[in-house]
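Structure assessment
Spelled out from the first residue to the last, the chains are:
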Amino acid sequence: MRRAIAAFVLLAAGCAAEFPNPMPQSIVVLGTAQDAGRPHIGCAKACCVTAAAQGQHERVASLALRSRRDAWWLVDATPDLPAQVRAMGSLPSGILLTHAHIGHYTGLMYLGREGLNARGMPVHCSEAMAEFLRENAPWDQLVRLGNVELRPFRSGERIVLDGERLSVEAIRVPHRDEYADTHAFGIRVEYLQPLLYLPDLDRWEDWERDLGDVAAAYPLWLVDGSFFSGDELGGRDMSVIPHPPVVTTMDLLEERVRAGRLEVWFTHLNHTNPLWDPESAAAHETARRGFGVARTGQLFRSSD
Ligand SMILES: [Zn+2]
Ligand SMILES: [Zn+2]
Ligand SMILES: [Zn+2]
């Protein structure tokens, strides 16, 4: 299998955009933290005390899909949306939303009157998510004032964003759905390996899709790595935690990864996750088993 090239974009001093436009077609990781970021509010443990003391701020999980030099789409509107848009150096052509949890849509607030006061920013989301935004304050105001233009999709639909250059398949996934439903995105950017973006999932066993079929269609995955194992939660029973631990996901996918049929990167890391530290035993185990930990600024582009 031709492996995608994952590069890391360095901050260029004096350059307005943090992730300047190196390739016409690329996918940029704009953040890798669970919904509430890191340092995490109220956390007095070493994970966040150290990060705060070092001035670290890990942005919430999000992606930029660039189909041309002058056009890109934002996947999920996080609480870090202003910094993530600034990092790209221009406004997105549209926004896609996975689901109605705070790390994935509340950044829409910056599009309203008190912020950008956007004019008809296309927002692609499921029909249930669109109804949630239309029916609930303060989001309904964005719709009423025309700051956003909702473009609802159905599960299984392929959303064509930029002709042959960029399309996204909406794939329903099982997750806590208090307000709406949850979708992963099967992303096809011209010249790039098809990529599955699945930041939130309850349990692999609850997903009706055959993992082999999904891997055949999308050989590159960026998936839920919220918790490494039960250890970081004081030995709590992981079966009641609504995310597959990284160790479980590796058990499930390692054979395909080792056979070169699949490339997997973990994102959406909880503040407690030892994978934040590239020198941790967990990070070494993950690398040894052939998996990657996504980092902000990471770039997927064609190997041509
Ligand atoms: Zn989340
Ligand atoms: Zn913490
Ligand atoms: Zn969620």
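Here's a quick rundown of the structure. Counting restarts for each chain, with residues numbered from 1 along the sequence as it is written. Whichever chain is written first becomes A and whichever ligand is written first becomes 1, with later ones labelled in order. Where local features are concerned, this predicted model is filtered to residues with pLDDT of at least 70; where side-chain atom pairs are given and counted, the filter is 80 or more; whole-chain, interface and lining totals use all residues. No hydrogens and no water enter the side-chain calculation; it runs on all heavy atoms of the structure.

This part takes up the coordination of the zinc ion (ligand 3). Distances decide who is a donor: an N, O or S atom must be within 2.8 Å of the metal, or within 3.2 Å for Na, K and Ca. Water is not included, so sites may look incomplete. Binding of the zinc ion (ligand 3) to the protein goes through His99 (NE2), His101 (ND1) and His175 (NE2), at separations of 2.1 to 2.2 Å. Within one chain, the residues serving as donors to the zinc ion (ligand 3) are arranged as H-x1-H-x73-H.

Right, let's get into the coordination of the zinc ion (ligand 2). At the metal site, the zinc ion (ligand 2) is ligated by Cys43 (SG), Cys47 (SG), Cys48 (SG) and His271 (ND1), and these contacts range over 2.1 to 2.4 Å. A site with four donors is called tetrahedral when every donor-metal-donor angle falls between 85 and 135 degrees; four donors are called square planar, and six octahedral, when opposite donors sit more than 155 degrees apart and all other angles fall between 65 and 115; any other arrangement is irregular. In this structure, the zinc ion (ligand 2) is coordinated by 4 donor atoms arranged in tetrahedral fashion, with angles at the metal of 101 to 125 degrees. Counting along the primary sequence, the residues that act as donors to the zinc ion (ligand 2) give the motif C-x3-C-C-x222-H. The buried label goes to any residue with under 20% of its type's maximum accessible area, the exposed label to any with over 50%, and the partly exposed label to all in between, with areas taken from a 1.4 Å probe on protein chains only. The exposure class assigned to cysteine 48 is buried, which follows from its relative accessible area of 2%.

Put simply, a nonpolar core is a bunch of buried Ala, Val, Leu, Ile, Met, Phe, Trp, Tyr and Cys residues held in one set by side-chain atoms that sit within 4.5 Å of each other. Formed by 31 residues in total, the largest nonpolar core has its most connected members in Leu30, Ile95, Leu97, Tyr105, Leu108, Met129 and Leu133. Listing elements by their share of this core, those giving two or more residues are strand E2 (26-31), strand E4 (71-75), helix H2 (81-88), strand E6 (121-126), helix H4 (127-135), helix H5 (139-144) and strand E7 (148-153). Counting residues in hydrophobic clusters, the runner-up holds 30 residues, among them Ala184, Val223, Leu262 and Ala283. Secondary structure counts use DSSP, requiring at least four H or I residues in a row for a helix and at least two E residues in a row for a strand, with both numbered from the N terminus.

As a further point, take the pattern of salt bridges. For this analysis, a salt bridge means a side-chain nitrogen from Lys or Arg found within 4 Å of a carboxyl oxygen belonging to Asp or Glu. Under the counting rule described, the total for this entry stands at 16 salt bridges. The residue aspartate 251 makes a salt bridge to arginine 289 at a minimum N-O spacing of 2.6 Å. Remark: arginine 289 occurs in the loop between helix H8 (281-288) and strand E14 (292-293) and aspartate 251 occurs in helix H7 (residues 246-258); sequence separation between them is 38 residues. In this structure aspartate 251 comes out as exposed when scored by relative accessible area, which is 56%. Under the relative-accessibility criterion, arginine 289 is labelled buried at 10%. Among the ionic contacts, a cluster of salt bridges with common partners joins Asp251, Glu254, Arg258, Glu285 and Arg289.

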